[in-house]
Amino acid sequence: NVASTMKTAEEALVSMCDERARMLQDQFAVSVNHVHALAILISTFHYQKNPSAMDQETFAFYTGMTAFERPLLNGVAYAQRVLHSEREKFESQQGWTIKTMKQEPSPVQDEYAPVIFSQETVFYLEALDMMSGEEDRENILMARATGKSVLTNPFRLLESNHLGVVLTFPVYRTGLPQDATVKERVEATAGYLGGAFDVESLVENLLRKLAGNQDIVVNVHDVTNISDPLTMYGPSNSEGYTALSRVSMLDFGDQFRKHQMVCRYSQKP
Ligand code: WA2
């Protein structure tokens, strides 16, 4: 009968949606954990050794060989904090000029966050001031003030133009106490280690491998501001799909943000 068919359909939707949310959350978590380890790698080999034991070639090799540990990231990079008073010396040491994300020479700013080390998959970030992009800039300021990893709103990533979010970890010079104030944190900031979750293509890839993928439509939303949910993945207009829906919780490990997955049948069951 109709009632029992509906109940079976609903149960199937719940289990498919929960499975997808769990898989996505797990792959997200392992990626974040590994980026955390990369931030410690930079601290250890670039700042606790004098002279530095890290360079672009070493960073590119290490991050290339460990890319499988970060399945949802299109690449990782390290941006150094450079004050305006240090700019001239920094640029002559690097042999290049700090550029904006629009590929123009950077105008004068109080400080910059140019990428000095990058995974080969995101080579185009080299020399770009990550503070010249609104989303990246907000992430940098939040990460260094809190000492925690943070995520951006969903936005169109450089180069691919895919919808995604950026993850940022702060890197501090050594000797910062556990209970440091915001001011102390900012002053001790050496740079920012992070990368982009290419949600549009890498989540698509993940979901495509699961049974029942043709039958359901999946959305991922940033619902930090519940009155203004932001689409991170999936069709922005879900009208025309069946009314039956399942909301599965997602925890991407950023305490300041909330995310959820919504699943629907693409046709009447
Ligand atoms: N990485 C890759 N693609 C992007 C992007 C990004 N940010 N921003 C826009 N498209 C080096 O927070 C430091 C990486 C930012 C880290």
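Everything below is about the structure printed above this text.
Fair warning: this is a prediction, and the values are worked out from it, not measured in the lab.

Novice: Would you explain the state of the cysteines in this entry?
Specialist: Where two cysteines share a covalent bond between their sulfur atoms, that bond is called a disulfide. As enumerated under the stated definition, the model contains one disulfide in all. One disulfide bridge connects C17 with C263, the sulfur atoms lying 2.0 Å from each other. Between C17 and C263 the disulfide shows an S-S torsion of about 80 degrees. By sign, it is right-handed. With C17 in helix 1 (residues 2-47) and C263 in strand 12 (residues 259-265), the pair connects residues that are 246 residues apart, well separated along the chain. For C263, a relative accessible area of 0% puts it in the buried group.

Novice: What should I look at first to understand the pattern of salt bridges in this one?
Specialist: It is possible for side chains bearing opposite charge to pair when their charged atoms get close. Scanning the entire structure with this criterion turns up nine salt bridges. One salt bridge connects D18 with R246, and the closest N-O pair in it is separated by 3.2 Å. Note that D18 is positioned in helix 1 and R246 in strand 11 (residues 245-250), a separation of 228 residues in sequence. A single network of salt bridges, built from pairs that share partners, joins R81, E111 and R144.

Novice: Looking at this structure, how should I read the sheet that holds strand 10 (residues 230-233)?
Specialist: The strands making up a sheet associate through hydrogen bonds between their backbones, and the pairing can be parallel or antiparallel. Reading across from one edge, 10-9-12-11 is the order of the four strands in this open sheet, with antiparallel pairing throughout. Both edges of this open sheet fall to strand 10 and strand 11, since each of them pairs with a single strand only. Shown here is a sheet whose adjacent strand axes are inclined to one another by a mean of 30 degrees, direction ignored. Taken together, the six bridges between strand 11 and strand 12 define a ladder with antiparallel strand orientation. When the sheet's bridge partners are listed, L250 is paired in strand 12 with H259. In the packing of helix 1 onto the sheet, the strands contacted are strand 9 (216-222), strand 11 and strand 12, and the crossing angle to strand 11 comes to about 25 degrees. Across the sheet, helix 6 (residues 199-208) is in contact with strand 9 and strand 10; its angle to strand 10 comes to roughly 55 degrees.

Scoring rules and cut-offs
- Residues numbered from 1 in each chain as written.
- Predicted model: local features only at pLDDT ≥ 70, side-chain atom pairs only at ≥ 80, totals over all residues.
- Heavy atoms only, no water.
- Disulfide = S-S within 2.5 Å.
- Helix = DSSP H or I, 4+ residues; strand = E, 2+ residues; numbered from the N terminus.
- Buried < 20%, exposed > 50% of the residue type's maximum accessible area, 1.4 Å probe, protein only.
- Salt bridge = Lys/Arg side-chain N within 4 Å of Asp/Glu carboxyl O.
- Pairing = 2+ DSSP bridges.
- Axes fitted to C-alpha atoms, helices over the stretch in contact; angles between N-to-C directions.
- Contact = heavy atoms within 4.5 Å.

Structural measurements only, silent on function.
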